[in-house]
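Summary of structural features
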Amino acid sequence: AQRVTQPEKLLSVFKGAPVELKCNYSYSGSPELFWYVQYSRQRLQLLLRHISRESIKGFTADLNKGETSFHLKKPFAQEEDSAMYYCALSGLGSSNTGKLIFGQGTTLQVKP
Amino acid sequence: ETGVTQSPTHLIKTRGQQVTLRCSSQSGHNTVSWYQQALGQGPQFIFQYYREEENGRGNFPPRFSGLQFPNYSSELNVNALELDDSALYLCASSSGRSQETQYFGPGTRLLVL
């Protein structure tokens with residue numbers, strides 16, 4: 001079964017603390033993994049994707065195929081990072097629709 | 001560059017009615033995907049349209065149907081509305097049907113009474 005699990009509904013940290021948002025997936029083929037973010041009153045937007053290997057706003061994510069994880073990390077949280085974060089996967093291959101399978105989301109709250 | 005737009009922003013319907021939601025894709029994009037996001041949940045894939053043809057469907061009943069027009073805008077139609085159809089409906093566009101990044105619209109919030 002194709003599934004994305006984000007075990008934490010809410011993660012609360014102080015400004016300057018490290019952040020790790022967990023994401024585990026279940027997929028039989030070779031997935032492409034994404035992190036999407038939704039800031040207050042804004043639309044869902046791409047934060048980063050595995051294939052591009054970029055660091056966006058100080059966030060990074062490493063795909064661990066052995067542990068089927070794609071955790072999102074940032075060494076020093078900022079108050080403006082407070083948002084809802086969704087991990088998502090899309091399968092690779094010519095038969096794939098490119099549909100995104102989302103986790104339930106984690107709310108990150110960065111306290112001053 | 002114009003982003004993805006959706007209309008209406010919100011609406012209220014009663015059980016058994018029909019609803020049509022609209023989406024304009026981002027300039028240069030030929031693929032539109034629709035998602036349903038219930039309160040407190042992540043978005044769930046409904047279906048995708050690529051160059052005016054359905055290109056994949058999620059686990060939704062046939063009363064959820066769609067269209068894509070030659071300008072790549074799209075409609076989502078839901079017949080015989082049920083209370084559980086109350087949700088935020090998101091449209092996303094991309095430049096291809098597979099792994100390209102999907103860009104989301106602001107959503108249409110539907111309440112079924």
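These notes cover the structure that comes with them. Everything numeric here is computed off the predicted structure, so don't read it as measured data.

**Some words on the packing of aromatic side chains**
- Taken as a whole and judged by the stated rule, the model has 11 aromatic pairs over all chains.
- Lying over the aromatic face of Phe-14 of chain A, Lys-111 of chain A brings its terminal NZ or CZ to 4.5 Å of the ring centre.

**Section: the nonpolar core**
- Core analysis: the biggest nonpolar cluster contains 27 residues, and Trp-35, Leu-47, Leu-48, Phe-70, Leu-72 and Tyr-85 of chain A have the highest contact counts within it.
- Among the secondary structure elements, those contributing two or more residues to this core are strand E2 (10-14), strand E3 (19-21), strand E5 (31-38), strand E6 (45-49), strand E9 (83-91) and strand E11 (106-111) of chain A.
- Counting 20 residues, the second largest nonpolar core, distinct from the first, contains Leu-11, Val-19, Cys-23 and Phe-60 of chain B.

**Focus: the pairing of strand E7 (residues 64-68) of chain B**
All names here are of chain B.
- Where burial is concerned, the two faces of E7 differ: the one with Phe-64, Gly-66 and Gln-68 is buried and the one with Ser-65 and Leu-67 is not.
- Of the strand pairs in this sheet, E7 and strand E8 (residues 74-78) are connected by five bridges, and their pairing is antiparallel. Bridging across to E8, Gln-68 finds its partner in Ser-74.
- A loop of five residues connects E7 with E8, the two strands running antiparallel in sequence, and Tyr-72 in this loop sits at a positive phi of about 75°.

**With respect to the interface of chain A and chain B**
- Taken together, the contact pairs 21 residues of chain A with 22 residues of chain B.
- When chain A packs against chain B, close to 1,700 Å² is buried across both sides, 46% of that on carbon and sulfur atoms.
- Counting across the chain A and chain B interface gives zero salt bridges.
- Connecting chain A to chain B are seven residue pairs in polar contact (both at pLDDT 80 or more).
- Mapped by element, the contributors of at least two residues to the side of chain A that touches chain B are E5, E6 and E9 of chain A.
- By residue class, the composition of the side of chain A that touches chain B is eight nonpolar, eight polar and five charged.

Rules used throughout
Residues numbered from 1 in each chain as written. Chains lettered and ligands numbered in written order. Predicted model: local features only at pLDDT ≥ 70, side-chain atom pairs only at ≥ 80, totals over all residues. Heavy atoms only, no water. Phe/Tyr/Trp six-rings, centres within 6.5 Å; stacked < 30°, edge-to-face > 60°. Lys NZ or Arg CZ within 6 Å of the ring centre and 35° of its normal. Core = buried A, V, L, I, M, F, W, Y, C linked by side-chain atoms within 4.5 Å. Buried < 20%, exposed > 50% of the residue type's maximum accessible area, 1.4 Å probe, protein only. Helix = DSSP H or I, 4+ residues; strand = E, 2+ residues; numbered from the N terminus. Pairing = 2+ DSSP bridges. Contact = heavy atoms within 4.5 Å. Buried area = accessible area lost by both parts, 1.4 Å probe. Salt bridge = Lys/Arg side-chain N within 4 Å of Asp/Glu carboxyl O. Polar contact = N/O pair within 3.5 Å; in protein donor to acceptor, adjacent residues only side chain to side chain. Nonpolar A, V, L, I, M, F, W, Y, C, P; charged D, E, K, R; others polar.

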